[in-house]
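Summary of the model geometry
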Amino acid sequence: MTKKILITGAGSGIGRATALRFLEEGWAVALLGRREAPLREVAEGWKHALVLPCDVTDPGAVTEAFVQLAVDWNRLDVLFNNAGGNVPAALIDEIPVEDWLKVSAVNITGMFLVARAAFALMRRQEPQGGRIINNGSISAHAPRPGSAPYTMSKHAVTGLTRTLSLDGRPFNIACGQIDIGNALTDLSERMTRGVAQADGSKRAEPMMDVAHVASSVLHMAALPPGTNIQFMTVMATAMPFIGRG
């Protein structure tokens, strides 16, 4: 039976790379994202791709997307809860409240809403169970300068992961988290030209191919039900994380 995964933020970056890797491996992939056109581009030519345009910050839209998923598939094996965003770095008293609300809406509320909908489907489907993989961040362990909204949001993701791991046990729902450092995407390309460091300097940082993130998510997703990777860190080897600053 074809395994089924839903990936949020599937139209670009890590989500896009991961979606294509799963399609190549023969999975059915539900592509969920705010902009429909990029999702269509990813889905083009793939028989088992399902396009679900959806703003993860909108409770009604998330519900509608999962209703459509249930109609089309009637099952979900894995959720890659990937959609996220960030704002320019600044000291906390210089960060507009609107920026905090923007980040928390996607990185916290959006994560919660999609996990909630996936958990409900996995809990009630037959056979019961599934797997949720949350996209955390190295920032949940060691923040960058001026990153209060993003860092706070990724600590919240870790809290969600731990709670779902506990609450999912009676229903055969596993939950793990992948913390990613310096995967090269269109959004992160700027880091190759210089990033603010804890010592006040600005330096370019090593990057890794985003394909290695996709293969890591695939490894987590393909584990048997009785096995779980609780937390995985995948990063550019020489990036400033261990010993950051």
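These lines cover the structure that appears in this document, whether it is placed above or below. Computed from a prediction, not measured in an experiment: that's the story for all the values here. (Residues numbered from 1 in each chain as written. Predicted model: local features only at pLDDT ≥ 70, side-chain atom pairs only at ≥ 80, totals over all residues. Heavy atoms only, no water.)

1. Looking at the overall build of the protein
- For the protein, the count of helices and strands is six helices and eleven strands.
- In terms of C-alpha radius of gyration, the protein reaches 18 Å, essentially the compact-globule figure of 18 Å for 245 residues.
- Expressed as lengths along the three principal axes of its C-alpha atoms, the size of the protein is roughly 55 × 35 × 30 Å.
- Taking all 245 residues of the protein together, 51% fall into the buried category.
- Taking contacts inside the protein between residues at least 6 apart in sequence as the whole, the part at least 24 apart equals 67%. (Helix = DSSP H or I, 4+ residues; strand = E, 2+ residues; numbered from the N terminus. Rg over C-alpha atoms; globule rule 2.2 N^0.38 Å. Buried < 20%, exposed > 50% of the residue type's maximum accessible area, 1.4 Å probe, protein only. Contact = heavy atoms within 4.5 Å.)

2. Let's talk about the pattern of salt bridges
- Summed over all chains, the structure comprises five salt bridges.
- Across the salt bridge formed by Arg75 and Asp77, the nearest N and O atoms sit 3.0 Å from each other. The pair formed by Arg75 and Asp77 is uniform in burial state, with each residue classed as buried.
- Note that Asp199 is salt-bridged to Arg203, the shortest N-O span being 3.3 Å. (Salt bridge = Lys/Arg side-chain N within 4 Å of Asp/Glu carboxyl O.)

3. Focus: the sheet that holds strand β4 (residues 78–81)
- One open sheet holds the seven strands; their spatial order is β3-β2-β1-β4-β5-β6-β11, and the pairing between them is parallel. Of all the strands in the sheet, the pair left with one neighbour each is β3 (49–53) and β11 (231–235). Across the sheet, the mean angle from the axis of one strand to that of its neighbour is 15°, orientation sign disregarded.
- Inspection of the sheet shows β4 paired to strand β5 (residues 130–135) by four bridges, in the parallel sense. Bridge pairing links Leu79 to Ile132 in β5.
- Relative to the sheet, helix α6 (residues 211–221) contacts β4, β5, β6 (173–181) and β11, its axis offset from that of β6 by approximately 165°. (Pairing = 2+ DSSP bridges. Axes fitted to C-alpha atoms, helices over the stretch in contact; angles between N-to-C directions.)

4. Focus: the pairing of β11
- Because side chains alternate across β11, one face comprises the buried residues Met232 and Val234, and the other comprises Phe231, Thr233 and Met235, none of which is buried.
- In the sheet, β6 pairs with β11 via five bridges, with the strands oriented parallel. Bridging from a neighbouring strand, Ile180 pairs with Val234 of β11.

5. What about the layout of surface pockets?
- As a volume, the second largest pocket reaches approximately 470 Å³.
- What lines the second largest pocket is a set of 26 residues, and nearest its centre among them are Gly130, Arg131, Asn172, Pro224 and Pro225.
- Going through the elements one at a time, β5 and β6 are the ones with two or more residues in the lining of the second largest pocket.
- Counting residues per element, the lining of the second largest pocket draws most heavily on β6, at three residues.
- Partitioned by chemical class, the residues of the lining of the second largest pocket number eleven nonpolar, ten polar and five charged. (1 Å grid on protein atoms, 1.4 Å probe; cavity = no way out; pocket = protein on both sides within 12 Å on 5 of 7 lines; lining within 4 Å. Points joined across faces, edges and corners; volume = space filled by probe spheres on them. Nonpolar A, V, L, I, M, F, W, Y, C, P; charged D, E, K, R; others polar.)

6. Describing helix α4 (residues 97–124)
- Taking 1.5 Å per residue as the helical rise, α4 with its 28 residues ought to reach 40 Å, and the 39 Å between its terminal C-alpha atoms agrees with that figure.
- The sharpest bend along α4 reaches about 35° and sits at Ala105. (Expected span 1.5 Å × (residues − 1). Bend = angle between axes of the 7 residues up to and from the residue.)

7. Some thoughts on the environment of Val62
- With respect to the secondary-structure elements, Val62 resides in helix α3 (residues 59–72).
- Looking at Val62, the relative accessible area reads 3%, which means it is buried.
- For the pair Val62 and Val114, spaced 52 residues apart in sequence, the C-alpha separation works out to 6.6 Å.
- Apart from the residues lying within four places of it in its own chain, the contact partners of Val62 are Cys54, Asp55, Val56, Leu113, Val114 and Ala117.

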